[in-house]
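# Close look at the chain arrangement
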Protein chains: 2
Amino acid sequence: MLSTTSRTTLNRSKERGRTSRDDLYAVLDAGLICHLGVVVDGAPRVVPTGYGRVGDTLYLHGSTGSVSLRGTGEVCVTVTHVDGVVLARSVFNHSMNYRSAMIYGRPRLVLDEDERLAGLRAITEQLAPGQWDAARTPTRKELAATAVVALSLTEASVKVRQGPPSDEPEDYALPVWAGVLPLRLSWGAPETDPAMTSEVEVPEHVSSRPAPGR
Amino acid sequence: MLSTTSRTTLNRSKERGRTSRDDLYAVLDAGLICHLGVVVDGAPRVVPTGYGRVGDTLYLHGSTGSVSLRGTGEVCVTVTHVDGVVLARSVFNHSMNYRSAMIYGRPRLVLDEDERLAGLRAITEQLAPGQWDAARTPTRKELAATAVVALSLTEASVKVRQGPPSDEPEDYALPVWAGVLPLRLSWGAPETDPAMTSEVEVPEHVSSRPAPGR
């Protein structure tokens, strides 16, 4: 079960709330980026960035100089998948089909070298599965330039909307087309770096990567 | 030209910064949702939501009871397009191709009825072009339940990364495939609401909607 703190309890559209940890994992594991919210000088800042999950911990990374990762204050991490546009009979009831997760917490700067590597591996594999073993792993110098933070998935909420529009009863008689325009994600053909100096085939884990977002 | 305040001036990857207002408009106009960052009780909150643009003003809407739109404090609005995964020869140089915009400011609650309607129209048309004229427009009661806020595009930054990986000089000799796996967005076939009570064809502006994200 997910938490039920005041900020993870939905105020509106409560029927869209999901309460199991599996729902949370599903939204997170399907994503490529999150939007990380931090407070800098009293004002919000929202930064798109990669992430990875190991059990009930989310890992984020950045330059050791990153303003967004520097603090020890609270953060909010949001992952959103837009699945379609919901076209209703009234402008008011237009909506989107989506899956989203929000996680609140105070990240911990990871200092243990093994955990740092596990976190970086999870972040790399989330973005590009198979690449940790395929590419050159980080040098000591690269590791020293990288900050890794861990965010517990303790305080989190999941919201999902799927299905056709929900119109006002009196609007169903209107001669207005209503339905869903689904949004699809797919991978294009891999584009080999023109600077490749040797003939290397596109690896299977790249050419046959399962469709994103699911 | 875009602003050059301390928070819209890039600290890292400066070469990814774009400085023209047209670049800002292009990123915003191609999007379906933004991530709205607000500060609630001292902590950040990041909420995915629709938006619309009229000139140099961004409009957001929500329930009049929405916590995220209630305040008059500063917000940060971020719009991100992920265009591909950048697979480098080293784990460290893995990246993403993306276009993103960040806007900082203090939103103004829109009270003028004409501007409220113009804002709602822009938000609806951003999500579903052609639908403001196709669907039933808001009633007085629906309007009363909706808060519209305006955010000036005065303080904004745009960041874009495109192209192949950038590896360390000594890594180009490694027998590791490098390149870009492009991420594509497309519309699926429109799904008619099973509750349709009359035969209405899918309108042209839905069935022939141009590919999203561009």
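All residue numbers here refer to positions counted from 1 along the written sequence of the relevant chain. Each chain gets a letter, beginning with A, and each ligand a number, beginning with 1, in the order they are written. Local features in a predicted model are, by the rule used here, given only for residues with pLDDT of at least 70; side-chain atom pairs are given and counted only at 80 or more, and totals for whole chains, interfaces and linings are based on all residues. Heavy atoms throughout the structure, all of them, feed into the side-chain values; hydrogens and water do not.

As recorded by an unreviewed UniProt entry, chain A carries the name Pyridoxamine 5'-phosphate oxidase family protein and is attributed to Streptosporangium jomthongense.

### Structural notes on the sheet that holds strand β9 (residues 146-152) of chain A
Residues and elements named next belong to chain A. Rule in force here: Two strands qualify as a pair provided that DSSP identifies no fewer than 2 bridges between them. Counting from the N terminus, the helices are the DSSP runs of H or I reaching at least four residues and the strands are the DSSP runs of E reaching at least two. By the convention used here, residues are in contact when the closest approach between their heavy atoms is within 4.5 Å. With axes taken as lines fitted to C-alpha atoms, and helix axes fitted only over the stretch in contact, angles between N-to-C directions fall between 0 and 180 degrees.
Taking strand neighbours across the sheet as the criterion, the 4 strands line up as β4-β5-β9-β8 in an open arrangement whose pairing is antiparallel. For this open sheet the edge positions go to β4 (52-54) and β8 (108-109), each flanked by a neighbour on one side alone. Where β4 lies against strand β5 (residues 57-63), 3 bridges are found, and the strand directions are antiparallel. The partner of Val-54 across the bridge, within β5, is Thr-57. Against the sheet, helix α3 (residues 113-127) makes contact with β4, β5, β8 and β9, and its axis sits at roughly 125° relative to β4, the strand it touches most.

### Quick notes on the pairing of strand β6 (residues 75-87) of chain B
All names here are of chain B. Heads up, the condition is: Burial classes: relative accessible area under 20% of the type maximum marks a residue as buried, over 50% as exposed, and values in between as partly exposed (1.4 Å probe, protein chains only).
Summarising burial for β6: 13 of the 13 residues are buried, a large majority. By the bridge criterion, 3 bridges tie strand β2 (residues 34-40) to β6 in an arrangement that is antiparallel. Across the sheet, the residue bridging to Gly-37 is Cys-76, located in β6. Across 4 bridges, β6 lies against strand β11 (residues 179-187) in antiparallel orientation. Considered in β11, the bridge of Val-85 is made with Leu-181.

### Considerations on the relation of the copies chain B and chain A
For clarity, the cut-off: A least-squares fit on C-alpha atoms brings the copies together, and the residues used are those whose pLDDT is at least 70 in both copies.
Between chain B and chain A, the superposition needs a rotation of 180° and an axial shift of 0.0 Å, giving an RMSD of 0.0 Å. Such a combination of rotation and displacement between the chain copies is what one expects of a two-fold axis. Measuring from the rotation axis to each C-alpha of chain B, the shortest distance belongs to Leu185(B), at 2.4 Å. Of the residues that chain B buries at the interface, 100% are likewise interface residues in chain A, meaning the two copies contact each other through the same surface.

### A few points about the pattern of salt bridges
Residues and elements named next belong to chain A. To keep it simple, the criterion reads: When a carboxyl oxygen of Asp or Glu lies within 4 Å of a side-chain nitrogen of Lys or Arg, that pair is called a salt bridge.
Following the criterion strictly, the structure yields 27 salt bridges over all chains and no others. A salt bridge links Arg-7 to Glu-155; its shortest N-O distance comes to 2.8 Å. Here the residue Arg-7 occupies a position in the segment before β1 (17-18), and Glu-155 occupies one in strand β10 (residues 155-161), the gap between them amounting to 148 residues. As a salt-bridge pair, Arg-21 and Asp-56 come within 3.2 Å of each other at their nearest N and O atoms. One end of the pair, Arg-21, is in helix α1 (residues 21-29); the other, Asp-56, is in the loop between β4 and β5, with 35 residues separating them in the sequence. The exposure class assigned to Arg-21 is buried, which follows from its relative accessible area of 19%. Using a relative accessible area of 36% as the deciding quantity, one classes Asp-56 as partly exposed.

### Concerning the side chain of Thr57(B)
Residue and element names in this part refer to chain B. Inspection of the secondary structure assignment puts Thr-57 in strand β5 (residues 57-63). Of the residues examined, Thr-57 reaches a relative accessible area of 18% and is grouped as buried. Other than its neighbours up to four places away in sequence, Thr-57 contacts Gly-52, Ala-150, Leu-151 and Leu-153.

### Description of the interface of chain B and chain A
The cut-off we apply is this: Simply put, the buried area is the total loss of 1.4 Å probe accessible area from both parts when two parts are fitted together. The definition of a polar contact used here is a pair of N or O atoms within 3.5 Å, where within protein one atom must be able to donate a hydrogen and the other to accept one, and adjacent residues in sequence count solely through side-chain atom pairs.
Taken together, the 90 residues of chain B in the interface contact 90 residues of chain A. Counting each side, the surface lost to burial between chain B and chain A is near 7300 Å², with a carbon and sulfur contribution of 68%. Joining chain B to chain A, the criterion identifies 4 salt bridges. At the boundary of chain B and chain A, one finds 29 residue pairs in polar contact (both at pLDDT 80 or more). If you list the elements that add at least two residues to the side of chain B that touches chain A, you get β2, β3 (43-49), β6, β7 (95-105), α3 (113-127), α4 (131-134), β11 and β12 (191-192) of chain B.

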